[in-house]
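Fold and geometry: a report
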Amino acid sequence: MRFENFEAAIHVDGSALKEYEVTFDERTKQATCWIASEEGKPFEIVYKPIRAVPFMVSGKVDVDGRHLGGFSIEAYHRNKKRIGYALSTDIARPFLFTTLQVTDNEAIASAPSPALGEIQIEVWHIERGQYSPGMVLDLSINPTHENSKKKMVHHHQVNFGAEQSHNCSFITSKRIEKLVTFVFKYRSLDILIDDGIVPRTKPRVSFKKQKAAKLDADEPAQSSSSAKGLRGMLGSIKSKFSDKPASSHLHLYCTSTLDEEDEELPEYHP
């Protein structure tokens, strides 16, 4: 999504996920869209200024209602991505779409957050502070009670993958002004289709295949009449030229042409 002077996206396998039903609120400076999540897929959060800005900015990240800190871009720099939550300056756990965890044990179940199914990035103008040792959060996720799930339309939640190498540093900062907010609402693809957010795609059919199918359907009904018509035409020609010398020859050619290219039918692209 692009809003104001910033752009943000959720990347899976190195490419931005397709965004559906993008809306913009000029009053709150918030852009919102839907994306399709896939179980077991790690993802990255990417944001950048469209035009370089002369001050430092930070992307404050909230996932499923949990604040996971910010990631900053130096003045005049253009791009930043976040693969997950940094446990230290050299180790991180990547973001991961997973199945919603449920339980029937009321002792360990928790009420689902109203922001479950949302990835939010608030972009702030900040002032740099001092280097910091960082802050380690408890990344464990309490399961949702199965009775709550029956009232919900969520199949997925964000969890964290195995630890991996990752270089970063930590700083303190002072927030000056919130510039823009991006909200990515994620659901499984089947839910988005059922809710009408993602259109059902139609199979790609070429003109050639359509015509071949039509010919196959018409062939049984036309074969008999076509044969009778051809015999009648040949009989007429034969009688017309029956008085010609035996050395004369009549050559009949049956040709079929298709002028148009084998183009594919237009397909709806949202």
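Our structure's up above, just so we're on the same page.
Since the model is a prediction, treat every value here as computed from it, not as a measurement.

Some details on unusual backbone geometry
Residue D13 is not a glycine yet carries a positive backbone phi of 55 degrees. With respect to the helices and strands, D13 occurs in the loop between strand 2 (6-12) and strand 3 (15-16). Notably, K29 is not glycine yet its phi reads approximately 55 degrees, a positive angle. One can find K29 in the loop between strand 4 (20-25) and strand 5 (30-37). Residue classification places K29 among the partly exposed positions, given a relative accessible area of 33%.

As for the nonpolar core
Ranked by size, the top nonpolar core spans 34 residues in total, and within it F43, I45, I119, V123, F182 and F184 carry the most contacts. At five residues, strand 17 (residues 170-188) tops the list of elements feeding residues into this core. Formed by five residues, the second largest nonpolar core is a distinct cluster that contains Y20, W34, I197 and V198.

What to know about the pattern of salt bridges
Here the structure, examined in full by the defined rule, presents nine salt bridges. Where R2 meets E7, a salt bridge forms, and the shortest distance between an N and an O atom there is 3.2 Å. Two residues, R200 and D194, come together in a salt bridge whose shortest N-O distance is 3.4 Å. On the accessibility criterion, R200 (61% relative accessible area) is exposed. You can call D194 exposed: its relative accessible area is 57%. Among the charged side chains, a salt-bridge network with shared partners connects K60, D62, E122 and K178.

Quick word on the side chain of K60
Position of K60 among the secondary structure elements: in strand 7 (residues 56-63). Look at K60 and you get buried, because its relative accessible area is 14%. Only 2.8 Å separates the side chain of K60 from the side chain of D62, close enough to count as a polar contact. Every residue in contact with K60, bar those within four places of it in the chain, is listed here: H67, G69, G70, Q120, I121, E122, W124 and R175.

Some details on the packing of aromatic side chains
With the rule as written, the count across this model stands at six aromatic pairs. Taken together, a centroid distance of 5.2 Å and an interplanar angle of 50 degrees make the contact between F97 and Y186 tilted. Of the two residues, F97 sits in strand 11 (residues 91-99) while Y186 sits in strand 17, which places them 89 residues apart along the sequence. Looking at Y186, the relative accessible area reads 1%, which means it is buried. Three or more aromatic residues link up through ring pairs in this structure, and these residues are F43, F95, F97, F160 and Y186. It is R175 that lies over the ring of W124; its NZ or CZ is 5.3 Å from the centre.

About the criteria used
- Residues numbered from 1 in each chain as written.
- Predicted model: local features only at pLDDT ≥ 70, side-chain atom pairs only at ≥ 80, totals over all residues.
- Heavy atoms only, no water.
- Helix = DSSP H or I, 4+ residues; strand = E, 2+ residues; numbered from the N terminus.
- Buried < 20%, exposed > 50% of the residue type's maximum accessible area, 1.4 Å probe, protein only.
- Core = buried A, V, L, I, M, F, W, Y, C linked by side-chain atoms within 4.5 Å.
- Salt bridge = Lys/Arg side-chain N within 4 Å of Asp/Glu carboxyl O.
- Polar contact = N/O pair within 3.5 Å; in protein donor to acceptor, adjacent residues only side chain to side chain.
- Contact = heavy atoms within 4.5 Å.
- Phe/Tyr/Trp six-rings, centres within 6.5 Å; stacked < 30°, edge-to-face > 60°.
- Lys NZ or Arg CZ within 6 Å of the ring centre and 35° of its normal.

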